[in-house]
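Commentary on secondary and tertiary structure
Given next are the chains, with one letter for each unit.
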Amino acid sequence: MLGAKTRHFVRKTNLPGNWSWCRWSSSNQTPEATATQPDASAAKRQQLLNELAEPLQSATRPAVDPKETSVMLFPGQGTQYVGMAKDLLRFPGARRIFELANEVLKYDLLKICLEAPREKLNRTEYAQLAVLVSSLAALEQLREERPKAIESCVAAAGFSLGEITALVYAGALPFDKALQLVQVRANAMQAACDLAPGAMAMTLYGPDTNLGEACAKAQQWCLDNGVESPYCGIANYMYPHCKVVAGNVQALEFLEQNAKALKIRRMKRLAVSGAFHTPLMESAVEPFSKALKSIRLQDPIIRVYSNVDGKPYRNATHILRQLPKQIVRPVKWEQTLHQLYERQQGVDFPRTFECGPGKGLLQVLEKVNAKAAQTAFNVVA
């Protein structure tokens, strides 16, 4: 039954321009029929991709107007809220995505998004799947209202869990397999949290602050006070003078209690039960890697940027090797945005669409690259 219902999600071609929604479209068209249709935007997108692959100084190719291209950003865990996706249900494609998710997961994810108690939705096992599916459903609204944004997309990036959403969007990862992969990821990360309870905090600091030294002092304090194999470090690079610090609960308590002496201006705890993107998540890597290896990945059709180093994936093999590292490495989001929007002075920026619950990624973009944020839009789940 599932094979028949998801047949339109299977990509039949790697050609840019023929990929849009053939991986998991609610359309009744077959992928073969979609692939035979001419797509005028395909040549433009490929031309820009070719230009981006060359040094910035190169001017050997005719220019493609960057304003006619788009970039997609996808949020991560923590953006979920009760009632999410409600406004998307007027789009048949969005409803279809949730129907398929329910069939794969064997429970009603949409009902959890709309009606579940906040405590249940915030549980890692549900939150990650809710954000993934709602973000993909938001793309259906964009497809209906601004189809050219889909056709002219040249790159995508996602924050933490959102990177998996970006890989689905780029045709590298099948939708049903992505759901199963995220299930494994969420359960493995929750198990790691149970083994080593941790915490995370948004941290604001000034130019005179040595945040790395502060984390080292917190880690040493934990070691001196009997905490076994403690860790404290940067988990997310957000924007200048703002990082997310993560580690053992005792380490963050040390930073909070000594914030003034350490020249930390403000710390705000995140609503998570573990130190994600740190070595405390090491036990989650193996089950995630095993699940990823069981999936037949494809090369992304557009550029997808890795959280690990802020650079685009080269191919499917690179994804297989790099994606598991994301669980224990910091999310280099600020670096990713610099890579995404690097261009010569005077060159216009693409349109950017944040698809999914919340508006946090565009708020960060404003602080990293205000000019790029001027042509950025939310498609809120």
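Above this text is the structure in question.
The model shown is predicted, which means the values in this text are computed figures rather than measured ones.

Moving on: the overall build of the protein. Regarding its fold elements, the protein presents 17 helices and ten strands. Counting only residues that meet the buried cut, the protein has 54% of its 381 residues in that class. Once local pairs closer than 6 in sequence are excluded, the contacts in the protein between residues at least 24 apart make up 73%. Counting only carbon and sulfur atoms, one obtains 50% of the accessible surface of the protein, whose full area is about 17,000 Å².

Aromatic rings in a pair are described by how distant their centres are and how their planes are angled relative to each other. Scanning the model with the defined rule gives six aromatic pairs in all. An angle of 55° between the planes, with centres 6.3 Å apart, marks the rings of Tyr-341 and Phe-349 as tilted. A single burial state applies to Tyr-341 and to Phe-349, both of which are buried. The side chain of Arg-146 reaches across the aromatic face of Phe-377, ending 4.8 Å from its centre.

Let us look at the sheet that holds strand 9 (residues 351–356). The five strands lie next to each other as 7-2-1-9-10, forming an open sheet whose pairing is parallel. Edge positions in the sheet fall to strand 7 (303–305) and strand 10 (376–380), since each has one partner strand and no second. Pairs of neighbouring strands in the sheet enclose a mean axial angle of 20°, with direction left out of account. Summarising the sheet, strand 2 (residues 153–158) and strand 7 pair through three bridges and their orientation is parallel. Pairing of Ala-155 across the sheet is with Arg-303, part of strand 7.

Below, the discussion takes up the packing of helix 10 (residues 175–195) against helix 13 (residues 285–293). When two helices pack together, their arrangement is captured by the angle between the axes and the distance separating the axes. Across the interface, helix 10 lies against helix 13 with an axial gap of 9 Å and an inter-helix angle of 175°. If you check the angle between helix 10 and helix 13, you find them roughly antiparallel. Residues Leu-181, Val-184, Arg-185 and Ala-188 of helix 10 form the contact with helix 13, whose participating residues are Pro-287, Phe-288, Ala-291 and Leu-292. Residue composition of the contact of helix 10 with helix 13, grouped by class: seven nonpolar, no polar and one charged.

The next point concerns helix 11 (residues 211–224). Between its first and last C-alpha, helix 11 extends 20 Å over 14 residues, near the 20 Å set by a 1.5 Å rise per residue. Looking only at helix 11, the buried set comprises Leu-211, Ala-214, Cys-215, Ala-218 and Cys-222. For helix 11, the angular spread of the buried residues around the axis is 100°, confining them to a single face. Along its buried surface, helix 11 packs onto strand 3 (198–205), strand 4 (232–239), strand 5 (242–248), helix 12 (249–257) and strand 6 (264–269). The positive-phi residue at the C-terminal boundary of helix 11 is Gly-226, with phi of around 90°.

Here we come to the environment of Arg-296. Inspection of the secondary structure puts Arg-296 in the loop between helix 13 and strand 7. Residue classification places Arg-296 among the exposed positions, given a relative accessible area of 71%. For the pair formed by Arg-296 and Ala-316, sequence separation is 20 residues and the distance between their alpha carbons is 8.8 Å.

What follows deals with helix 4 (residues 92–105). Here helix 4 spans 20 Å end to end across 14 residues, near enough to the 20 Å set by a 1.5 Å rise per residue. Helix 4 sits mainly inside the fold: ten of its 14 residues count as buried. Those residues of helix 4 that sit buried are Gly-93, Ala-94, Ile-97, Phe-98, Leu-100, Ala-101, Asn-102, Glu-103, Val-104 and Leu-105. Immediately beyond the C-terminal end of helix 4, within one or two residues, lies Lys-106, with a positive phi of roughly 70°.

Before going further, it helps to spend a moment on the sheet that holds strand 3. Consider a sheet: its strands pair through backbone hydrogen bonds, and that pairing is either parallel or antiparallel. What the five strands build is an open sheet, ordered 6-3-5-4-8; its pairing is mixed. The open sheet has two edge strands, strand 6 and strand 8 (331–332), and neither has a second partner. Sheet topology places strand 4 next to strand 8; two bridges connect them, and they run parallel. Its bridge partner lying in strand 8, Tyr-237 is registered against Lys-332. Its contacts with the sheet put helix 12 on strand 3, strand 4, strand 5 and strand 6, and the angle it makes with strand 5 is roughly 130°.

Conventions we followed
- Residues numbered from 1 in each chain as written.
- Predicted model: local features only at pLDDT ≥ 70, side-chain atom pairs only at ≥ 80, totals over all residues.
- Heavy atoms only, no water.
- Helix = DSSP H or I, 4+ residues; strand = E, 2+ residues; numbered from the N terminus.
- Buried < 20%, exposed > 50% of the residue type's maximum accessible area, 1.4 Å probe, protein only.
- Contact = heavy atoms within 4.5 Å.
- Areas by Shrake-Rupley, 256 points an atom, 1.4 Å probe, with all protein chains shown as cover.
- Phe/Tyr/Trp six-rings, centres within 6.5 Å; stacked < 30°, edge-to-face > 60°.
- Lys NZ or Arg CZ within 6 Å of the ring centre and 35° of its normal.
- Pairing = 2+ DSSP bridges.
- Axes fitted to C-alpha atoms, helices over the stretch in contact; angles between N-to-C directions.
- Parallel < 35°, antiparallel > 145°, perpendicular 65-115°, else oblique.
- Nonpolar A, V, L, I, M, F, W, Y, C, P; charged D, E, K, R; others polar.
- Expected span 1.5 Å × (residues − 1).
- Arc of directions from axis to C-beta.

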